[in-house]
Amino acid sequence: MRIDVISLFPPMFEAISAHGITGRAVKNGLLTLRVWNPRDYTEDKHRSVDDRPYGGGPGMVMMIEPLQRAIRAARGEQGKAVKVMYLSPQGRQLDHAAVLELSKREGMILLAGRYEGIDERLLQAEVDEEWSIGDYVLSGGELAAMVLIDAVTRQLPGALGDEDSAQQDSFVEGLLDCEHYTRPEEYAGRKVPEVLLSGDHEKIRRWRLKRSLGRTWLRRPDLLERLTLNQEQKQLLEE
Ligand code: SAM
């Protein structure tokens, strides 16, 4: 997958390109990540990318032209079919289903806003979709873009080793994940559940499924309402 990001702060993306699972995906060539700085597409000596809002009021607004040139440069490398996606609190909210959908794409161009936002005419002319990571306002679209990239990368075939398989993750089967334990066997009087030390794989599988169901029922009953439970799940939930 190829992802181009338009951002005033390219170094922020080292957080994902140089570390962890996303860093490994970049290294293995599963993910190609390039960040384009609109400041490199300005034509005045101050390299201006923002200006005061028409109508007055606080803050600055990102100008059309540097963004448009940066987006078009990225489009030039990815091709016309690629979608330009603006990270915005007003966009469609990212969830597991959306992440799966996005992970099937060959590429995307992510646009990170700053200040009060971006001149509306740039959005109308260049943006295909708007995506939000939640109902709150960030100072910029970079963290939102990184959240999207991280979540999507985890779904790329081969991005996760066996040791960090996504199979049991929350939302994958429509349930929350069960709890996890590692050494020591006892900590401050709290013991690891005995079944996990039993070596009985079938018993452990059933225990984990039961805990997942229980947690989902307690913490996110809305998820259970959307799920059609199979025979085993129904039985475990009633036990
Ligand atoms: N004035 C804008 C509004 O209220 O809709 C918010 C501007 S915000 C301070 C600056 C930038 O952060 C936005 O252009 C957007 O790219 C990004 N951003 C803020 N909150 C976000 C969210 N929840 N999801 C995705 N991007 C967000």
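The shown structure was predicted, so the numbers you read here are calculated from the model rather than taken from an experiment.

### Side note on the site of the ligand
Inference 1: If you check the shell around the ligand, you find 20 residues, and the closest are Leu 87, Pro 89, Gly 113, Gly 141 and Ala 144.
Inference 2: Put simply, the parts of the chain that give the shell around the ligand at least two residues each are strand 5 (84–93) and helix 6 (141–154).
Inference 3: For the shell around the ligand, the leading source of residues is strand 5, giving 4 residues.

### A short note on the environment of Asp 119
Inference 1: Summarising the element assignment, Asp 119 is placed in the loop between strand 6 (107–112) and helix 5 (120–126).
Inference 2: Overall, the presence of 19 C-beta atoms within 10 Å leaves Asp 119 in the partly exposed class.
Inference 3: The sequence separation of Asp 119 and Ile 64 amounts to 55 residues, and the corresponding C-alpha distance is 6.1 Å.

### A closer look at the sheet that holds strand 2 (residues 32–36)
Inference 1: Strand order across the open sheet formed by 5 strands is 2-1-6-5-7, with parallel pairing between neighbours. Two strands close off the open sheet at either side, each with one partner strand: strand 2 and strand 7 (129–132). Geometrically, the sheet is characterised by an average inter-axis angle of 35° between neighbouring strands, direction not taken into account.
Inference 2: Pairing analysis gives 4 bridges linking strand 5 to strand 6, with the strands arranged parallel. Opposite Leu 87, over in strand 6, you have Ala 112 as the bridge partner.
Inference 3: Those strands touched by helix 6 are strand 1 (2–6), strand 5, strand 6 and strand 7, and its axis lies near 155° from that of strand 6.

### Concerning the UniProt feature "binding site: S-adenosyl-L-methionine" (unreviewed entry) in the protein
Inference 1: Under the present numbering, the feature "binding site: S-adenosyl-L-methionine" (unreviewed entry) in UniProt falls on Gly 113, Ile 133, Gly 134, Asp 135, Tyr 136, Val 137 and Leu 138.
Inference 2: Excluding its chain neighbours within four sequence positions, the residues that come into contact with Ile 133 are Leu 94, Ala 144 and Val 147.
Inference 3: Here Leu 138 shows up in the loop between strand 7 and helix 6.
Inference 4: With 17 C-beta atoms packed within 10 Å, Leu 138 lands in the partly exposed category.
Inference 5: In contact with Leu 138, not counting residues within four places along its chain, are Leu 143 and Ala 144.

Thresholds applied
- Residues numbered from 1 in each chain as written.
- Predicted model: local features only at pLDDT ≥ 70, side-chain atom pairs only at ≥ 80, totals over all residues.
- Near = placed C-beta within 6 Å.
- Helix = DSSP H or I, 4+ residues; strand = E, 2+ residues; numbered from the N terminus.
- Buried ≥ 20, exposed ≤ 12 C-beta atoms within 10 Å, placed from the backbone.
- Pairing = 2+ DSSP bridges.
- Axes fitted to C-alpha atoms, helices over the stretch in contact; angles between N-to-C directions.
- Contact = placed C-beta atoms within 7 Å.
- UniProt positions renumbered as here; feature names shortened; annotations may be inferred.

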